[in-house]
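# Overview (structure and organization)
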Amino acid sequence: MKKMETRGLLFIPDISGFSRFVHDADIEHSRLIIQELLELLINANQLGLEISEIEGDAILFYRFGEVPELQALYGQVKKMFQDFHYHLKAYERRRYCQCDACASAVHLTLKVITHYGEFANYNVRNFRKLIGRDVIVAHQLLKNDIEQHDYWLLTKTISGELPPNLADNMNWSRGIKQTETAEVPFFYTHLTALKDDLPAVPTASSELAGKLKVLSITKLFTTDITTLLYKIGDISNRNQWQHGVKATEEIEHVLPRAGMRFRLVGECWTKSIRSINCIYQTDKISFSEMDETNSSVVHFTLEKNGEKQTALTLDYYIVENEQVPHTLFDSFSQSLENLEAFLHR
């Protein structure tokens, strides 16, 4: 009988700022933001780590076997940290939702706890759980006195002495965690400087070049620009106001931003849509939605016209020689009337 392994690595990436983020933020969008970030951390796994469980704002990874080489461990920490912050940087650039969750997401950050010790796993239906004193220790290390929350912490079980600096701008500090049974010495280094190496977020193409504007219609609404944007940008509302739309379907997790993809479903039709090229200013916001056949684009422009007045313009573009629906003007006009009624429900 093969002897069961009982020693291995415990690896916990933890999203810092999560509790305050959820408390202060729009709950639905905070849920989607955290879900995307946790999936991103799982996809960034390059050490063959197993998942024991997802713990709200953290993931308990583990791997039985020898202590990983410190350089490989740092490579894993670096990838997760940089992928995490690039995702937030891109979302800040592309979002057009101004709810508390979306506006504050960029302030989230990541800390990583790594500990080597003894533990075992057991199955409960489809879940693989971990048990052992070192699992408790790893979780206790999440609560410490380190002021900044973007760091990598490792215990002396991984590096008996002060670890070498593995990169420029890396400086290790010492710490001790007092648990109920013992003191746990650890080392930590801040990861903030890794954000300086993030690539630039590509500028989205407007997708309007080479297309012909065939319709423009404007209506003034008695509401502020942010509220109007929120009502339009939340695609789950589309059947409440967009003429002919009976339902919407997610293609991916839908957060209001350039790049989101979804389907509009009518009585006898389905159309796949990609949102593109959002430009946000205090008094003017614009974004476009392109049919994924690239045959047409609807361009939305919201302009502030006082504290409680916002003008919404819908422009419709087609590729040359594309047929214009004969009901287009009536459909757009009805949509704006429906939106007026929806805003006052």
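For the structure itself, look to the data block above.
Calculation notes
- Residues numbered from 1 in each chain as written.
- Predicted model: local features only at pLDDT ≥ 70, side-chain atom pairs only at ≥ 80, totals over all residues.
- Heavy atoms only, no water.
- Helix = DSSP H or I, 4+ residues; strand = E, 2+ residues; numbered from the N terminus.
- Buried < 20%, exposed > 50% of the residue type's maximum accessible area, 1.4 Å probe, protein only.
- Contact = heavy atoms within 4.5 Å.
- Expected span 1.5 Å × (residues − 1).
- Arc of directions from axis to C-beta.
- Patch = residues over 30% accessible without salt bridge, like charges linked within 9 Å, V, L, I, M, F, W, Y side chains within 5 Å.
- Areas by Shrake-Rupley, 256 points an atom, 1.4 Å probe, with all protein chains shown as cover.
- Salt bridge = Lys/Arg side-chain N within 4 Å of Asp/Glu carboxyl O.
- Axes fitted to C-alpha atoms, helices over the stretch in contact; angles between N-to-C directions.
- Left-handed = near helix turned anticlockwise from the far one by under 90°.
- Nonpolar A, V, L, I, M, F, W, Y, C, P; charged D, E, K, R; others polar.
- Pairing = 2+ DSSP bridges.

## Concerning the environment of leucine 215
- Among the secondary structure elements, leucine 215 is positioned in strand E10 (residues 211-221).
- Relative accessible area serves as the criterion here: at 12%, leucine 215 is assigned to the buried category.
- Between the C-alpha atom of leucine 215 and that of leucine 191, which follows or precedes it by 24 residues, the distance is 51 Å.
- Once residues within four sequence positions are removed from consideration, leucine 215 is found in contact with Leu314, Asp315, Tyr316, Leu328, Phe329 and Phe332.

## What to know about helix H8 (residues 328-343)
- When the terminal C-alpha atoms of H8 are compared, their 23 Å separation across 16 residues agrees well with the 22 Å that a helix rising 1.5 Å per residue should span.
- Among the residues making up H8, those that are buried are Leu328, Ser331, Phe332, Ser335, Leu336, Leu339, Phe342 and Leu343. Buried residues of H8, viewed axially, fall in a sector of 135 degrees; they line one side.
- Buried residues along H8 sit in contact with E10, helix H6 (225-233), helix H7 (238-241), strand E15 (296-304) and strand E16 (310-319).

## Quick notes on a nonpolar patch on the surface
- A cluster of nonpolar side chains, contributed by Tyr122, Val124, Phe127 and Ile131, occupies part of the molecular surface with about 400 Å² of accessible area.
- Among the secondary structure elements, those contributing two or more residues to the nonpolar patch are strand E5 (120-124) and strand E6 (127-131).
- By relative accessible area, valine 124 is classed as partly exposed at 41%.

## Details of the pattern of salt bridges
- Per the counting criterion, the structure on display carries 16 salt bridges.
- Of the charged contacts, one joins arginine 31 and glutamate 28 as a salt bridge, the two residues approaching to 2.6 Å between their closest N and O atoms. Here arginine 31 and its partner glutamate 28 are both found in helix H2 (residues 27-43), 3 residues apart, which amounts to about one turn of the helix.
- What makes arginine 31 partly exposed here is its relative accessible area of 42%.
- When the shortest N-O distance is used, the salt bridge between aspartate 224 and lysine 308 registers 3.9 Å.

## Structural notes on the packing of H2 against helix H3 (residues 70-94)
- Their axes nearest at 9 Å, the elements H2 and H3 cross at an angle of 145 degrees. Classified by chirality, the crossing of H3 by H2 is right-handed. Contacts between H2 and H3 involve Ile33, Glu36, Leu37, Leu40 and Leu41 from the first element and Met80, Asp83, Phe84, His87, Leu88 and Tyr91 from the second.
- Residue classes in the contact of H2 with H3 are distributed as 8 nonpolar, 1 polar and 2 charged.

## Re the sheet that holds strand E4 (residues 109-118)
- Taken in spatial order, the 7 strands line up as E2-E3-E1-E4-E7-E9-E8 in an open sheet, and their pairing is mixed. Lying at the two open borders of the sheet, with one neighbouring strand each, are strand E2 (50-54) and strand E8 (173-178). Here the strands of the sheet are splayed against their neighbours by 25 degrees on average, with no regard to which way each runs.
- Here 5 bridges tie strand E7 (residues 151-155) to strand E9 (residues 183-190), and the two strands are oriented antiparallel to one another. Bridge pairing in E9 links leucine 153 to tyrosine 188.
- Set on the sheet, H3 makes contact with strand E1 (7-16), strand E3 (59-64), E4 and E7; between it and E4 the angle comes to about 150 degrees.
- Most of the contacts of helix H5 (residues 133-140) go to E4, to which it runs at about 155 degrees, and overall it touches E1, E3, E4, E8 and E9.

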